[in-house]
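# Working through the structure, step by step
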Amino acid sequence: MKWILSYLKPLRKRIAVGVTFKMLGTVSELMIPFLLSYILENVIHTNKIQSILLFGGLMALFSLTACLGNIIANRMAAKTTMLFSTQMRRQLFSKTLHLSARNVDSFTIPSLEARITSDTYNVQNFIGMIQKMGIRAPILLLGGTVITLIMDNKLALVMIATLPVIFAVVYGISRMGVPLYSTVQRSVDSMVRVVREDAQGIRVIKALSKVKYENARYDKANLALKKNETRAATIMGVVNPIMTLLMNLGIVGVIGVSAYFVSQNRSSSTTVIAFMQYFTLISMAMMSLSRMFVMYTKCAASAKRISTVLECENELKPREDDGKGDSSLHVSFEKVSFSYLGKKNNVNNISFSLKKGESLGIIGPTGSGKTTVLRLLMRFYDPDSGIIRINGRDIRSYDANKLTRMFGVVFQNDFIYADSIKENIRFGRDISDEAITEAARIAQAHDFISSFAKGYSHKVSTGGTNLSGGQRQRVLISRAVATKPEILVLDDSSSALDYKTDANLRLALSKALPDSTVITVAQRVSSVKSCDLILVIDNGVIIGSGKHQELMESCSEYKEISDSQMGGALLD
């Protein structure tokens, strides 16, 4: 919870002003029963209208001060809470974007989504409540107790006797709340994961008539959440009834003792009236404190989940270059091995090198490790052994931003957001409209974009669902080549293109980016056959390397893929 203070510190002046108004309003509220008791005991019987009006006016003034003080304080608290939560969400989102791929794998995307949404909401609610009730309740509790002790210490002690029991009950139950609500939030993660997956795959679900199946899967996650929420709510819901019971017993005790004292002329009825009002205020304060304890348990569970992300260290730290690389090579892998789970290597002993402007094709069966090679090259992960170099330097010695700016990339499962085609290609970068058009021409996208009524201003839906598969891929390739990257990475990015368009694309790339090193991962031999170097990977191991014709003669697996796709005859 300490990290929360770092977000509140810049708002301390606003908080101090709000607390001052809250204290003023609460103290004014405490004075009203005292003045009423004084009027009943010392003013009414004098029959002096002037005195009655004077003290009545004071009561009205304190009432107005209490009202205005609380209104101003609550408005300032709301503003402070919004500023706090906005900054917290911004920082958490920014941290999420900067997490390493391994960190993201560990947290999972649905869990990160839940932390940015529901967890921040729980913390925000508690911060707002602590400013509104966290000041008022203690003042009412302590102030009311002190005033009642001054008025009649014997009656006050009867009331005070119930407070330790109440605190013990609230504290004991609140300790159970944090693990309970942590479990609830994990259930929220599971439900968000199902919703996210189904939203992305809604067309496939309908196409395969699996709506009932997905409903059942969602129901399972929803019922698990319901079970955990019910358990947490049932246990935490005991607080208010028990507090009400104890406070009512305290009231009964005060009434009984006060009745006895009044009958013995050891106390007055006016004191009893004031006591009951103060007891009501103290009861309200205790109820507020119990609500804060319940909110605290939610906040503590959520704050712990948020802090885990905020304090997560990126293991991809810069390292010193060993100075042993060959600067004449643009990209090189030196005996690189890597495992996602630290058990079996996903790629093993991968070695190859490319000079500037050369092209690399990677082909192999699904799950063979092709995409893993690309992820290691862009330093989404660090290899377990071996070294990857760009321009002779260990990629771990590069500044992260400088490294990523070298690449233009199209992933297998890349994304398009809801905006114009132009802005999807620009992607927030400083790229002119002319450069966007040129990139689209290279990617063979200009013709179909121009066919839209609004051309490059044509609005695309989230995920590009109003474009065909081939159109989406060409928009994404346009995005990748728009900056004329030093290294262009195409991860199965032409699978939805016909052979003619694919061939035209490869020809356009070779002419437009003569100095760029192009790395292409593909399932089709036609997409890689013109590359300067082709790697055939199976089970994370290179089983063949060389040019197309060399592999046709030396690698039976490559020849088998070629023959199965083209019957032994490849298109030029």
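Residues numbered from 1 in each chain as written. Predicted model: local features only at pLDDT ≥ 70, side-chain atom pairs only at ≥ 80, totals over all residues. Heavy atoms only, no water.

### Examining helix 9 (residues 211-236)
To keep it simple, the criterion reads: Here a helix means four or more residues in a row that DSSP labels H or I, a strand means two or more in a row labelled E, and each is numbered from the N terminus. A helix is expected to span 1.5 Å for every residue after the first. Exposure categories follow from relative accessible area, calculated using a 1.4 Å probe and restricted to protein chains: below 20% of the type maximum is buried, above 50% is exposed, and the middle band is partly exposed.
In this model helix 9 runs 36 Å from its N-terminal to its C-terminal C-alpha over 26 residues, within 8% of the 38 Å that 1.5 Å per residue would give. Glu214, Ala221, Leu225, Asn228, Ala232 and Met236 are the residues of helix 9 that are buried.

### Here's the deal with the state of the cysteines
Note on terminology: disulfide describes a covalent bond linking the sulfur atoms of two cysteines. Applicable threshold: We call a pair of cysteine sulfur atoms a disulfide whenever their separation is within 2.5 Å.
By the definition in use, this model includes 0 disulfides. In this structure Cys555 is not part of a disulfide, and its nearest cysteine sulfur, from Cys531, lies 15 Å away.

### Regarding the sheet that holds strand 12 (residues 541-546)
Note the cut-off: Paired strands are those between which DSSP finds at least two bridges. Only C-alpha atoms enter the line fits that serve as axes; for helices the fit covers just the stretch in contact. Angles between N-to-C directions range over 0 to 180 degrees.
Reading across from one edge, 6-9-10-3-11-12 is the order of the 6 strands in this open sheet, with mixed pairing throughout. If you trace the sheet from one side to the other, it starts and ends with strand 6 (407-410) and strand 12, each paired once. If you compare each strand with its neighbour and ignore which way they point, the axes differ by 15° on average. Pairing analysis gives 4 bridges linking strand 6 to strand 9 (residues 487-491), with the strands arranged parallel.

### Brief notes about the environment of Ala60
Of note, Ala60 is situated in helix 3 (residues 49-98). Taking the C-alpha atoms as reference points, Ala60 and Ile202, separated by 142 residues in sequence, lie 62 Å from one another.

### Some thoughts on the side chain of Arg136
Formally: Between N or O atoms, a polar contact is any pair within 3.5 Å; within protein, one atom must be a potential hydrogen donor and the other a potential acceptor, and residues adjacent in sequence are included only when both atoms are from side chains. Throughout, a residue-residue contact means that at least one pair of heavy atoms, one from each residue, lies within 4.5 Å.
Note on placement: Arg136 falls in helix 5 (residues 109-151). Overall, the relative accessible area of 17% leaves Arg136 in the buried class. Of note is the side chain of Arg136, whose polar atom sits 2.6 Å from the side chain of Glu29. In contact with Arg136, other than residues within four places in its own chain, are Lys22, Thr26, Glu29, Asn70 and Met284.

### Considerations on the pattern of salt bridges
Note the threshold: Salt bridge, as used here, is a side-chain nitrogen of Lys or Arg placed within 4 Å of a carboxyl oxygen of Asp or Glu.
Evaluated as defined, the whole model comprises 20 salt bridges. One salt bridge in this structure joins Asp119 and Arg305, with 2.7 Å as the shortest N-O distance. Remark: Arg305 occurs in helix 11 (residues 269-310) and Asp119 occurs in helix 5; sequence separation between them is 186 residues. No difference in accessibility class separates Asp119 from Arg305, as the two residues are buried. Put simply, Asp502 and Arg524 hold a salt bridge, and the shortest N to O gap is 3.1 Å. Here Arg524 lies in the loop between strand 10 (517-522) and helix 19 (525-528) and Asp502 lies in helix 18 (residues 499-512), a separation of 22 residues in the sequence.

### Quick notes on the packing of helix 2 (residues 12-43) against helix 5
The test is simple: Crossing handedness is read from the near helix: turned anticlockwise from the far helix by less than a right angle, it gives a left-handed crossing, and turned clockwise, a right-handed one. When residues are sorted by character, Ala, Val, Leu, Ile, Met, Phe, Trp, Tyr, Cys and Pro go into the nonpolar class, Asp, Glu, Lys and Arg into the charged class, and all the rest, Gly among them, into the polar class.
Running from amino to carboxyl end, helix 2 crosses helix 5 at an angle of 30°, the nearest separation of the two axes being 9 Å. The interaxial crossing formed by helix 2 with helix 5 has right-handed handedness. Seen from helix 2, the contacting residues are Ile15, Val19, Lys22, Met23, Thr26, Val27, Glu29, Leu30, Phe34 and Ser37; seen from helix 5, they are Gln131, Lys132, Ile135, Arg136, Ile139, Leu140, Gly143, Gly144, Ile147 and Met151. By residue class, the composition of the contact of helix 2 with helix 5 is 11 nonpolar, 5 polar and 4 charged.

### Some remarks on the packing of aromatic side chains
Operational definition: For this analysis, a ring pair means two rings from Phe, Tyr or Trp (six-membered ring only for Trp) whose centres lie within 6.5 Å, classed as stacked if their planes differ by under 30 degrees, edge-to-face if by over 60, and tilted for the remaining angles. Only when the NZ atom of a Lys or the CZ atom of an Arg is both within 6 Å of the ring centre and within 35 degrees of the ring normal do we say a charge sits over the ring.
Under the criterion given, the structure shown has 11 aromatic pairs. When the ring of Tyr7 is compared with that of Phe84, the centres are 6.2 Å apart and the planes differ by 90°; the resulting orientation is edge-to-face. Residue Tyr7 is found in helix 1 (residues 2-8), and its partner Phe84 is found in helix 3; the two are separated by 77 residues along the sequence. For the pair formed by Tyr7 and Phe84, the shared burial category is buried. Following the ring pairs from residue to residue traces out a cluster consisting of Phe338, Tyr340 and Tyr381. One Lys or Arg, Arg524, reaches over the ring of Tyr499 and ends 4.7 Å from the middle of that ring.

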